[in-house]
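Each chain, written out:
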Amino acid sequence: MSGAILSRPGRVALSPRLLAGILLVLLALVPAALRLLLGGVDPLEQDLMALNLPPGDGHPLGTDHLGRDVLARLSAGTALTLGTGAGGALLAAGLGGALGLLALSLGGVVRGVAFAAFDLLRVLPGVLLALLTAVALGQGGGPVMLALGLSFAPLFAEVARATHEREMAADYVAAARVFGLGRLAVLARHVLPNLAGPMVTLFAIVLPRCIVTESVLSFLGLGVSPDQPSWGRMIADASGYAEDAPHAVLAPMLALSALTLGLSLLGEHARRRFDPLARERRP
Amino acid sequence: MKLLLPFATSLLRAVAMVAAISFVTFLLIRAVPGDAVDVMASQGDLTTAQQAAMRAELGLDGSVVSQFSRWVGQAAQGDLGRSARFGKPVVGMVAQSIPATLGFAGAAFALGLVLALLLAIGALLAPRSPLPALVEAINLWSIAVPSFVAGMAAILVFSLWLGWLPVIGNMVAPIVILGLDIAGQLAKPLLEELREARLAPHVRAARARGIAPLAVALRHVLPKAVPVLLALSSICLASLIGGTMTMEALFGLPGLGSLVLNAVHGRDYPVLQAVIIVLALGVVLINLAAELARRLADPRMRA
């Protein structure tokens, strides 16, 4: 069971890091919560009579250069930002973990080719991958998730390989194989349970990085389509009007930083608690 | 010879990598419906015959494989085709942009490396000072705060509110921001490595002989961390390239980043393809250099 690693004895101490992480993530989710509770304006609705309004009546966070409500856009962008990042991280875990494990268990040429491909992906900067997916598949959430998944997959594959090698070398696995347990059964019964903890931890570490990368891509115009209010896109759109409407830039900047800082703190907490990589990621 | 034999395999692998990246890039770009001629035709009147002539001139006719082999043949002679938008030779456009990007990225990396070394050695020698916490904080910063957000904040504060720096074409802010980013990525693993290296017997012997802590750190601890530092640096390379592109876009600096982003938005595929391949080549070359340096620095890798 994966519980073997996840439920290590000892209570979860509420460290300052954990507390700060939880608070920051909650803070970043406030606009979305407000929208759920109170309902809200259409994030795409333009009011050309109310351009670049400072925060105040009717528009708690003001309006942007097209007269769109900043709070409405911020809250609409929460799911987009979080969803694209999480989708990318999940895809990376799937590609790296599942394909890596499959290649490892098949061995031979398949293993060589798969890990050569992971090496190639590791060398390519994520932005270049995103350029390629944006050019080949067009703009949108799917291509961005694919780029994120491809560029973070090597990390998961590396963890899969380290765990696989360690478990295969263990005496109890040798014993199980002597007793006639097949390769797949060893994989399912001994490797997978030991992989679950490290994979979950790595996911927690990669998630904020995926969100950061997504926002960079949106900022560069390689992310989701222009009318969708991803936070990176909002910053890019409003950056040209920073002098007249600093609030329209600052709001998504603060929301994004709170979310990624909070998630990074949580990821760091998870790493310290379960520490799957501290040794293995060393070159 | 012992040093060069394993290096030859890395070299072969690097060549294979560049070839693979070139071909995949080529394939992906050709898979896009609508080429540069279609874009131009949609903007002005072009007869079918004119379109066919332009395709032939730009190397866009024939099958993908024949296009690729023709492209490789020309690239080997230093001809990367002409920009679909500007009609200028791509080689010239790329060559013009390389020095700016190289200088910018080099300055940011140098700043980051120096900062990381200072912070890590300081934190190693003064464990009770705020320095170890600073290493943690700057690491978190580099992971969680995207460089364009930091850059935007710098523009808001220093350019718009304090009026110290010009917004466009300013070099100081982006170099500092990217440098901090690199320092954050390097300092923490470097500090961990230094702490471990300090436990080695010869380091303890040196300390027991009463050699000053700083001298021990510089002469005995730091050299042990050099291979790791080189490996870390090549890992940083990807984020350095992404960061350089972002900074060029945000601060309106000329360079490969601006070139490639304009090429994407203008569907200037010859330029796009050339820049992607030049960047991939750069990454592979720098990784090779880092590996060779690591082999030289770490006797265990020579065996």
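Along each chain, residue indices are assigned from 1 in the same order as the chain's sequence is written. Labels follow written order: the first chain is A, the first ligand is 1, and so on. Thresholds applied to this predicted model are a pLDDT of at least 70 for local features of residues and 80 or more for the giving and counting of side-chain atom pairs; totals over whole chains, interfaces and linings are not thresholded and use all residues. Computation of side-chain values: all heavy atoms of the structure, hydrogens and water removed.

Considerations on the overall build of chain B
- When its secondary structure is counted, chain B shows 12 helices and zero strands.
- For chain B, the α and β elements follow one another from N to C terminus as α-α-α-α-α-α-α-α-α-α-α-α.
- Overall, chain B is about 85 × 60 × 25 Å in size when its C-alpha atoms are taken along their principal axes.
- A total of 303 residues make up chain B; the buried ones form 46% of that total.
- For chain B, restricting intrachain contacts to residue pairs at least 6 apart in sequence, the fraction spanning at least 24 positions comes to 71%.
- Note on areas: these come from Shrake-Rupley sampling with a 1.4 Å probe, and a residue is covered only by the protein chains present in the view. Looking at chain B as shown, the accessible area adds up to about 14,500 Å², and 69% of this sits on carbon and sulfur atoms.
- Measuring between centres, the 22 positive side-chain charges of chain B sit 16 Å from its 15 negative side-chain charges. Helix and strand assignments come from DSSP, with helices taken as H or I runs of at least 4 residues and strands as E runs of at least 2, each series counted from the N terminus. A simple rule labels every residue: compare its accessible area, found with a 1.4 Å probe on the protein chains alone, to the largest value its type can have, and call it buried under 20%, exposed over 50%, or partly exposed in between. Two residues form a contact once any of their heavy atoms are found within 4.5 Å. Charge assignment in this entry is limited to Lys and Arg as positive and Asp and Glu as negative, and neither His nor the chain termini are counted. Here the site of a charge means NZ on Lys, CZ on Arg, CG on Asp, or CD on Glu.

Here's the deal with the interface of chain A and chain B
- On the side of chain B, 43 residues touch chain A, which itself brings 41 residues to the contact.
- Defined in terms of a 1.4 Å probe, buried area is the accessible area two parts forfeit on being brought together, summed over both. Buried surface at the junction of chain A and chain B, both sides included, amounts to about 3,700 Å², of which 79% is carbon and sulfur.
- Salt bridge, as applied in this entry: a Lys or Arg side-chain nitrogen positioned within 4 Å of an Asp or Glu carboxyl oxygen. Taken together, the connections running from chain A to chain B amount to two salt bridges.
- Within 3.5 Å is the distance limit for a polar contact, defined as a pair of N or O atoms, with the added protein rule that one can donate a hydrogen and the other accept it, and that residues adjacent in sequence qualify only through two side-chain atoms. In this assembly, chain A and chain B are joined by three residue pairs in polar contact (both at pLDDT 80 or more).
- Taken together, the elements giving at least two residues each to the side of chain A that touches chain B come down to α4 (108–123), α5 (126–137), α8 (183–219), α9 (231–239) and α10 (246–274) of chain A.
- Take the side of chain A that touches chain B: its biggest share by element is 13 residues, from α10 of chain A.
- Along the lines of polarity and charge, the residues of the side of chain A that touches chain B split into 25 nonpolar, seven polar and nine charged. Charged residues are taken to be Asp, Glu, Lys and Arg, nonpolar residues to be Ala, Val, Leu, Ile, Met, Phe, Trp, Tyr, Cys and Pro, and polar residues to be all remaining types, Gly included.

As for the UniProt feature "transmembrane region" (unreviewed entry) in chain A
- UniProt positions are given in the numbering used here, feature names are shortened, and annotations may be inferred rather than shown by experiment. Here, the residues flagged by UniProt with the feature "transmembrane region" (unreviewed entry) are residues 89–114, 126–157 and 245–266 of chain A.
- Taken end to end, residues 89–114 of chain A is 96% helix and 0% strand, and its two terminal C-alpha atoms sit 19 Å from one another.

Some remarks on the packing of α9 of chain A against α10 of chain A
Residues and elements named next belong to chain A.
- Lines fitted to the C-alpha atoms define the axes, with helices restricted to the stretch that makes contact. Angles between their N-to-C directions range from 0 to 180 degrees. One can describe the packing of α9 onto α10 by two numbers: an axis separation of 8 Å at closest approach and a directional angle of 150 degrees. Judged by the inter-axis angle, α9 sits roughly antiparallel to α10. For the pair α9 and α10, the sense of crossing is left-handed. Between α9, through Trp 231, Met 234, Ile 235, Ala 238 and Ser 239, and α10, the contact on the second element is made entirely by Ala 248, Val 249, Pro 252, Met 253, Ala 255, Leu 256 and Leu 259.
- Residues that form the contact of α9 with α10 fall into these classes: 11 nonpolar, one polar and no charged. Any angle between 65 and 115 degrees counts as roughly perpendicular, while under 35 counts as roughly parallel, over 145 as roughly antiparallel, and the rest as oblique. A crossing counts as left-handed when the near helix is turned anticlockwise from the far one by less than a right angle, and as right-handed when that turn is clockwise.

Structural notes on the environment of Ala 41 of chain B
All names here are of chain B.
- If you trace the backbone, Ala 41 turns up in helix α2 (residues 36–43).
- Sequence separation between Ala 41 and Leu 28 is 13 residues; the distance between their C-alpha atoms is 22 Å.
- Other than its neighbours up to four places away in sequence, Ala 41 contacts Leu 46 and Gln 51.

Examining the pattern of salt bridges
- Tallied over the entire structure, the rule returns 10 salt bridges over all chains.
- Measuring nitrogen to oxygen at the nearest pair gives 3.2 Å for the salt bridge that ties Glu 268 of chain A to Lys 188 of chain B. With Glu 268 of chain A in helix α10 and Lys 188 of chain B in helix α8 (residues 172–197), this pair bridges two chains.
- The exposure class assigned to Glu 268 of chain A is buried, which follows from its relative accessible area of 13%.
- The buried category is assigned to Lys 188 of chain B, whose relative accessible area is 8%.

Quick look at empty space enclosed by the protein
Residue and element names in this part refer to chain A.
- For cavity detection a 1 Å grid was placed over the protein atoms alone, and a set of points counts as a cavity when a 1.4 Å probe fits there but cannot get out; an open set counts as a pocket when protein lies on both sides within 12 Å along at least five of seven lines, with lining residues being those that have an atom within 4 Å of a point. Grid points are joined across faces, edges and corners, and a volume is the space filled by probe spheres set on the points. Scanning the entire structure with this criterion turns up one cavity of 30 Å³ or more.
- When its volume is computed, the largest cavity comes out at roughly 50 Å³.
- Broken down by element, the residue count for the lining of the largest cavity peaks at three residues, all from α9.
- For the lining of the largest cavity, the class distribution of residues is four nonpolar, no polar and three charged.

Examining a nonpolar patch on the surface
- On the surface, Leu 14, Leu 19, Ile 22, Leu 23 and Leu 26 of chain A cluster together into a nonpolar patch covering about 480 Å² of accessible area.
- Overall, the relative accessible area of 58% leaves Leu 14 of chain A in the exposed class. Here a patch means residues that are over 30% exposed by relative accessible area and free of salt bridges, tied together within 9 Å if like-charged and within 5 Å if nonpolar (Val, Leu, Ile, Met, Phe, Trp, Tyr).

Digging into the environment of Gly 122 of chain B
Residues and elements named next belong to chain B.
- Positionally, Gly 122 belongs in helix α5 (residues 90–125).
- A relative accessible area of 18% means that Gly 122 is categorised as buried.
- Between the C-alpha atoms of Gly 122 and Trp 164, which are 42 residues apart in sequence, the distance is 31 Å.

Topic: the packing of aromatic side chains
All names here are of chain B.
- A pair of Phe, Tyr and Trp rings is counted when the ring centres sit within 6.5 Å of each other, with Trp represented by its six-membered ring. The angle between the planes then sorts it: under 30 degrees is stacked, over 60 is edge-to-face, the rest tilted. Using the criterion set out here, one finds six aromatic pairs over all chains in the structure.
- Ring centres 5.0 Å apart and planes at 65 degrees place the aromatic pair Phe 26 and Phe 68 in the edge-to-face group. Taken together, the residues Phe 26 in helix α1 (residues 4–31) and Phe 68 in helix α4 (residues 64–76) connect sequence positions 42 residues apart. The same class applies to Phe 26 as to Phe 68, namely buried.
- Note on Phe 26 and Trp 71: the rings are 6.0 Å apart at their centroids and 50 degrees apart in plane angle, and the pair reads as tilted. Highlighted residues: Phe 26 in helix α1 and Trp 71 in helix α4, separated in sequence by 45 residues.

Focus: the UniProt feature "domain: ABC transmembrane type-1" (unreviewed entry) in chain A
- Per the UniProt entry, the sites bearing "domain: ABC transmembrane type-1" (unreviewed entry) are residues 78–267 of chain A in this numbering.
- Secondary structure over residues 78–267 of chain A splits into 85% helix and 0% strand, and the C-alpha atoms at its two ends are 19 Å apart.

Here we look at the environment of Leu 44 of chain A
All names here are of chain A.
- Inspection of the secondary structure assignment puts Leu 44 in the loop between α2 (16–38) and α3 (70–106).
- Sequence spacing of Leu 44 and Gly 262 is 218 residues, and the spatial spacing of their C-alpha atoms is 28 Å.
- Apart from the residues lying within four places of it in its own chain, the contact partners of Leu 44 are Arg 68, Arg 73 and Asp 227.

Examining the nonpolar core
- Ranked by size, the top nonpolar core spans 146 residues in total, and within it Leu 131, Leu 222 and Ile 235 of chain A together with Met 152, Leu 194, Leu 272 and Val 275 of chain B carry the most contacts.
- Looking at which element gives the most residues to this core, the answer is helix α10 (residues 213–251) of chain B, with 16 residues.
- Not counting residues up to four positions away in its chain, the partners in contact with Leu 272 of chain B are Val 135 of chain A together with Ile 29, Val 260, Ala 263 and Val 264 of chain B.
- By nonpolar core is meant a set of buried Ala, Val, Leu, Ile, Met, Phe, Trp, Tyr and Cys residues that side-chain atoms within 4.5 Å join together. One finds Ala 170, Val 173, Ala 176 and Val 186 of chain A within the second-largest nonpolar core, a separate group that totals five residues.

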